[in-house]
Structures are given as C-alpha cells and as structure tokens.
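Chain by chain, the residues run as shown.
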Amino acid sequence: MRLVPRRKSGSLLPLEREILEAALGLRAAGRADFHGFGLARTLGERRGSRSLTAHGTLYKALGRLEELGLLTSRWEDAPPGGRPRRRLYELTGEGARAARPPASPVLRARTEPA
Amino acid sequence: MTPERVAGLVRRWAGLYTRRLPEPVARRRREELAADVHDQIAHERAAGTGERRIALRILSRLLRGVAADAAWQARRRSYRSVLRVGVGVGVVLPAPLVAMVFTDQVRWSLSDFALAGVLVATIGAAFELALQNAGSLRLAAALGALGVLAGLAGEADDAPGLVLLGLLLIAGGCAIGVRRLRTSR
C-alpha cells in the first residue's frame, strides 16, 4: 500500500517551473548557461525577494529537472582565481518547451492551419 | 559568526548527509555547494553587506534546506524515511485543528499550519538522519551546533519558530550524544 501518492509522471513543482522560466529568460538575454548561486539570485530578483532559495531545495530541484531531461549540466572548465568550479546548467529543447506557457485558445486558433 | 565559519558548517553538513551515497553523487553535491557558498560570499561582500549579515543569510539557506537535503538523500537510499516524516507531519498537524473545535484559545491560520508543517518536517528529517547514524557523536555535535545557530539566528531576527527549531535540534543532539555515551560504556 502506498501512503504517499507518487507524483504524476512529468508534472512539475512550482519551483521547478520557476527555474525553467528563469532559464528561458536568461537564454533570451544571451546567457545560455547558469550556475546554482546565479540562479538563486535570478529567482530572488524575479520574486522581488532578498531571500535566496535554500541550498537543499535548489539543488534537489535542479537534479530532478536534469533527470527529466529538461536541463543538462557540465563542470566549468577552468575557474579563474582559484575559486571552486561551478556546475553549469543549460536548458534543453524539451526544457524550453516546458517553460513556455501554453498558447491561449485564441492564439492557437490563429496559428493553427485551417 | 563569520561567513567562512558558516561555509565550514555547510561543508560539514553536506559531508554528513552525503557520506553514505555513491562517491560521484556525493562529490558533485559537495562541490556545487562549495561553489555556491563561495559565490554568495563574494557577491555579498562586493555589494557591501556586513559580515554577520552574510553569515546569517548563508545559515538561513542551510537551515531552510535541511528537510530537502534529507529527502534528497533518502530518495537515493530509501523512500521509508520520507514516508515516516510525512506520517509524522500528518499525525501532529491535526492536533491544533481538533483543539480549534473544542476551544477558542487556539486559533491557527493557514500560514500557522504551513509553518508548523515545515518545522515538524525539518525536525523529523533531522531525527531520521539521527536514526540512520545512531550513536554518532559527530552527528550529535552537528545537530547541537545547528540548533545553537538556529536559536541565535532566530533570536537576532525575532523569529520564535527558528528558536523553537533550534531548541529541538539541541535536544535531539543531546539525546544522540547520551545514547552514544551509554553504548560506549
């Protein structure tokens, strides 16, 4: 017997959707990849909050998005100044599709062929 | 409390909850956190934020993520811990709801229930970790230290919930420490 219902396959939590939307916004601004702290700042700015997403919450969500194939990641090659190397994340094509809001019925009717 | 000390605390906490995971998974989490904390300290200092404020902000991110850290670790080890924490929250939270039916002295809003849920889940997650590492003096010390810091941060920011969480973490740390000392005799 399952006490906690399994999350519907492919469904996204609000934070995961927020991350994809932020990543899409960064890509539109010409920044293809992003790292953990940079993302936490971006999310904070989008919410208008100075409080940053907690470490555990942020990296758990990033890991799940990667497992779902919506993000990919790689290590930074040569970090300057001896600072720790960052894990760089990038939106996949599927992630970009998931981040875009569904078109409204009116827009869909206009864009779909008759 | 300096940012570097809190960074050390983040490092030790990550070492603790990743220590039984496969090395590549554990190393990746530890390195990501090291980069994150380094970047935050550099960013906040460049913005002119005071040292104590930086330390508190990093500590807040650490403490607010404890439940997620434990859930993430449990997902890689077992779903049972998450289930137990969920059941614990489900058992504790109805108590004030029942009290509200019988007395006017208890009046909880939706946000009170949400906050209590987060607190109970965080405490449950910490105790799940304690169960998995029963008898570890290092864990007892780590929980006690987290509790003291949560208490100090809660006192500084006038957040009674954080103070309560700190007291419970200290109690948990003491319980584990006593258990370890008893079994070592």
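This text follows the structure it describes.
Basis of the calculations
Residues numbered from 1 in each chain as written. Chains lettered and ligands numbered in written order. Predicted model: local features only at pLDDT ≥ 70, side-chain atom pairs only at ≥ 80, totals over all residues. Heavy atoms only, no water. Helix = DSSP H or I, 4+ residues; strand = E, 2+ residues; numbered from the N terminus. Buried < 20%, exposed > 50% of the residue type's maximum accessible area, 1.4 Å probe, protein only. Contact = heavy atoms within 4.5 Å. Areas by Shrake-Rupley, 256 points an atom, 1.4 Å probe, with all protein chains shown as cover. Pairing = 2+ DSSP bridges. Buried area = accessible area lost by both parts, 1.4 Å probe. Salt bridge = Lys/Arg side-chain N within 4 Å of Asp/Glu carboxyl O. Polar contact = N/O pair within 3.5 Å; in protein donor to acceptor, adjacent residues only side chain to side chain. Axes fitted to C-alpha atoms, helices over the stretch in contact; angles between N-to-C directions. Parallel < 35°, antiparallel > 145°, perpendicular 65-115°, else oblique. 1 Å grid on protein atoms, 1.4 Å probe; cavity = no way out; pocket = protein on both sides within 12 Å on 5 of 7 lines; lining within 4 Å. Points joined across faces, edges and corners; volume = space filled by probe spheres on them. Nonpolar A, V, L, I, M, F, W, Y, C, P; charged D, E, K, R; others polar.

K.L.:
I tried to follow the overall build of chain B on my own but got confused; where do I start?
P.N.:
When its secondary structure is counted, chain B shows nine helices and zero strands. Helices (α) and strands (β) of chain B occur, in sequence order from the N terminus, as α-α-α-α-α-α-α-α-α. Across the 185 residues in chain B, those meeting the buried criterion constitute 42%. For chain B, the share of sequence-separated contacts (at least 6 apart) that also reach a separation of at least 24 residues comes to 66%. Roughly 9,900 Å² of accessible area belongs to chain B as shown, and the carbon and sulfur atoms make up 62% of that amount.

K.L.:
Honestly, the sheet that holds strand β1 (residues 33-34) of chain A in this entry has me stumped. Any pointers?
P.N.:
Note: strands within a sheet are paired through backbone hydrogen bonds, in either parallel or antiparallel orientation. Residues and elements named next belong to chain A. Here three strands make up an open sheet; going across it, the order is β1-β3-β2 and the pairing antiparallel. Among the strands making up the open sheet, the edge pair consists of β1 and β2 (71-75). As paired strands, β2 and strand β3 (residues 87-91) are joined by five bridges and run antiparallel to one another. The partner of S73 across the bridge, within β3, is Y89.

K.L.:
How do you make sense of the interface of chain B and chain A when you look at a structure like this?
P.N.:
The accessible area lost on association of the parts is a frequent measure of interface size. The partner chain A presents 28 residues to the 28 residues of chain B that form the contact. Around 2,500 Å² of area is buried between chain B and chain A when both sides are counted, 55% of it from carbon and sulfur atoms. Considering only the side of chain B, the residues that lose the most area to chain A are B:R28, B:E32 and B:R61, jointly responsible for 25% of the buried surface there. Summed over the shared surface of chain B and chain A, the number is three salt bridges. Its salt-bridge partner being A:R85, residue B:E31 comes within 2.8 Å of it at the nearest N-O pair. Run the count over chain B and chain A and you get nine residue pairs in polar contact (both at pLDDT 80 or more).

K.L.:
Quick question: what am I supposed to make of the packing of helix α1 (residues 14-28) of chain A against helix α2 (residues 36-47) of chain A here?
P.N.:
In a pair of packed helices, the angle between the axes and the distance between the axes together describe the arrangement. All names here are of chain A. Viewed as axis vectors pointing N to C, α1 and α2 meet at an angle of 100 degrees, and their least axial separation amounts to 10 Å. Regarding the angle of α1 to α2, the classification is roughly perpendicular. Packed against α1, whose contacting residues are L15, E18, I19, E21, A22 and L26, the element α2 presents L39, T42, L43, R46 and R47 at the interface.

K.L.:
Looking at this structure, how should I read empty space enclosed by the protein?
P.N.:
Under the definition given, this model contains three cavities of 30 Å³ or more. Looking at the largest cavity, the residues that line it are A:H35, A:G36, A:F37, A:Y59, A:R86, A:R87, B:E32, B:A35, B:D36 and B:D39. Of all the secondary structure elements, the ones that give two or more residues to the lining of the largest cavity are α2 of chain A together with α2 (23-46) of chain B. Residues that form the lining of the largest cavity fall into these classes: three nonpolar, two polar and five charged.

K.L.:
Teacher, can you tell me more about the side chain of A:T42 here?
P.N.:
Residue and element names in this part refer to chain A. For T42, the position within the fold is in helix α2. Taking the relative accessible area as the measure of exposure, T42 reaches 13% and is therefore buried. A polar side-chain atom of T42 sits 2.9 Å from the main-chain carbonyl oxygen of G38. Leaving out residues up to four positions away in the same chain, T42 has contacts with A22 and L26.

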